[in-house]
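Here are the chains, one letter per residue:
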Amino acid sequence: MKKYNFNAGPSALPNDVFKYSSEAIKELDQTGLSILEISHRSEKFSEIICKAKHLALEISGLDNNKYEVLFLQGGASHQYLMVASNFLNNLAGYVNTGTWSEKAIAEAKYYGNVIEVASSKDKNHTYIPNDIQILEDLDYLHITSNNTIFGTQFHKFPDTNFPLIADMSSDIFSRKINFSNFDLIYAGAQKNIGAAGVTMVILKRELLKKNIRKNPSILNYQNHVDKQSLYNTPPVFSIYTCMLNMEWILKSGGIEAIEKKNINKSKLLYNEIDKNDSFYGFVEKSDRSIMNVTFGINNNYNSEKFDKMCSNNNIHGIKGHRSVGGYRVSLYNAITIDSVKILVEIMQKFNKEG
Ligand SMILES: *Cc1c(COP(=O)(O)O)cnc(C)c1O
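These lines cover the structure that appears in this document, whether it is placed above or below. Worth saying up front: this structure is predicted, and the values here are computed from it rather than measured. (Residues numbered from 1 in each chain as written. Predicted model: local features only at pLDDT ≥ 70, side-chain atom pairs only at ≥ 80, totals over all residues. Heavy atoms only, no water.)

1. Side note on the sheet that holds strand β11 (residues 279-281)
How we decide: Pairs of strands are assigned from DSSP output, requiring at least two bridges between the strands. Starting at the N terminus, helices and strands are each numbered in turn, a helix being any DSSP run of H or I of at least four residues and a strand any DSSP run of E of at least two. Lines fitted to C-alpha atoms define the axes, with helix axes restricted to the stretch in contact, and inter-axis angles between N-to-C directions lie between 0 and 180 degrees.
In spatial order, the strands read β11-β12-β14; together these 3 strands make up an open sheet with antiparallel pairing. Of all strands in the sheet, those with a lone pairing partner are β11 and β14 (327-330), marking the two edges. Strand-to-strand twist of the sheet, defined as the mean angle between neighbouring strand axes without regard to direction, takes the value 35°. Bridge count between strand β12 (residues 292-297) and β14: 4 bridges; the pairing is antiparallel. Its bridge partner lying in β14, T294 is registered against R328.

2. Comments concerning the sheet that holds strand β10 (residues 199-204)
Heads up, the rule is: Any two residues whose heavy atoms approach within 4.5 Å are treated as being in contact.
If you trace the 7 strands from one edge of the open sheet to the other, you get β2-β10-β9-β8-β5-β3-β4, paired in mixed fashion. Each end of this open sheet is capped by a strand with a single partner; those strands are β2 (67-72) and β4 (113-119). Across the sheet, the axes of successive neighbouring strands diverge by a mean angle of 20°, strand direction being ignored. Examined bridge by bridge, strand β3 (residues 91-96) and strand β5 (residues 141-144) share 2 bridges and lie parallel to one another. Bridge assignment links Y94 to a residue of β5, and that residue is H142. Helix α4 (residues 99-108) rests against β3, β4, β5 and β8 (164-167) of the sheet, and its axis sits at about 165° to β3.

3. Overview of the site of the ligand
Filter applied, for reference: Summary of the distance rule: residues count as near a molecule or strand when at least one heavy atom falls within 4 Å of that molecule or strand. Nitrogen and oxygen atoms within 3.5 Å of one another constitute a polar contact, given that in protein one can donate a hydrogen and the other can accept it, and given that sequence-neighbouring residues count only through two side-chain atoms. Each accessible area is a Shrake-Rupley estimate made with a 1.4 Å probe; only the visible protein chains count as cover when residues are assessed. For this scheme, ten residues count as nonpolar: Ala, Val, Leu, Ile, Met, Phe, Trp, Tyr, Cys and Pro. Four count as charged, namely Asp, Glu, Lys and Arg, and the remainder, Gly too, count as polar.
What surrounds the ligand is a group of 13 residues, the closest being S77, T148, D167, Q190 and K191. A distance of 3.0 Å is found between an oxygen atom of the ligand and a backbone nitrogen or oxygen belonging to A76. A distance of 2.6 Å separates an oxygen atom of the ligand from a polar atom in the side chain of S77. Coverage of the ligand by the protein chains reaches 87% of its 390 Å² of free accessible surface. Broken down by secondary-structure element, the contributors of at least two residues to the shell around the ligand are α3 (75-87) and α5 (189-192). Considering only residue class, the shell around the ligand consists of 3 nonpolar, 8 polar and 2 charged.

4. Focus on the side chain of S289
Operational definition: Burial classes follow relative accessibility: with a 1.4 Å probe on protein chains only, a residue under 20% of its type's maximum area counts as buried, one over 50% as exposed, and anything between as partly exposed.
Among the secondary structure elements, S289 is positioned in the loop between β11 and β12. Its relative accessible area of 0% is what places S289 among the buried residues. Among the polar contacts listed, one links the side chain of S289 to the backbone nitrogen of M291, at a separation of 2.9 Å. Among the polar contacts made by the side chain of S289, one reaches the main-chain amide nitrogen of N292 at a distance of 3.0 Å.

Structure (structure tokens):
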């Protein structure tokens, strides 16, 4: 039996993705070839990558003439340095909301000056700083829209005239936002879009004009745009899974329907955390993430017993990140409300039995 998988990433994907991608490994659409062996320059693969790009634009409601979609390698971690190598000329601003922001800042420092325009470090990243004041002239402002490790999420984005860049690895396409407020977003696929190995980048063409530094080809966005993500061999299988997942998003009613479902799932779980005296939430209520729910167990309750009850009931992947402890339940798009109900029932049972 398949487990109820609440892993933070790689994580659960829709059944359609598992089904169609495994079929394509055997044979892709009656081509007589597996997705793993077709040429990335074949007409068939061009169709796939082109479709993936258009699905991303359709889901995000962005104009094909203004935005480009790239499928790159190296993970979100590689985007930390790529963003800075292309666009950090004098000074970039970063909002530090946790581990991933800190990594982004560290990489950017190889290329230029960085200031933390706001930080939640003072309270161990349990909130999202609001009312961000920017006095400096920035090349761009970088945020992490959802903090996978700590369980906080921007519900209102900074209002800025500087190019806004976001690491959306763990909440892309999970909720309705105005994507056109962003100049560049990136997301490692393995949280909410597809198989690990590809990173989706959506960028405004206008932003490319701000690139002054000469970069090696592999680091140069313009090069990847010119080559339509085929500068070198792309991760064909991962891109295929992204395409399937985005088809599934549209088939499921698009981003609005997905958001509704995600809000319901997270409400169900947060309500239980708040009313069940065995547990407590880690972060500020107003900044809670609808994707990664973090919580602890109260001292007088036996966490080993809870862990055992979970594993006996096929619940998988809820251990908190090692830097935070406690529990983290990831509620990405593919997670059903029924899986969350099962977890909530266990939490209730645990509370009664003590
Ligand atoms: C997982 C994660 C990353 C790291 O992604 P890689 O693809 O492993 O480099 C970066 N940022 C956020 C917000 C994440 O959740």
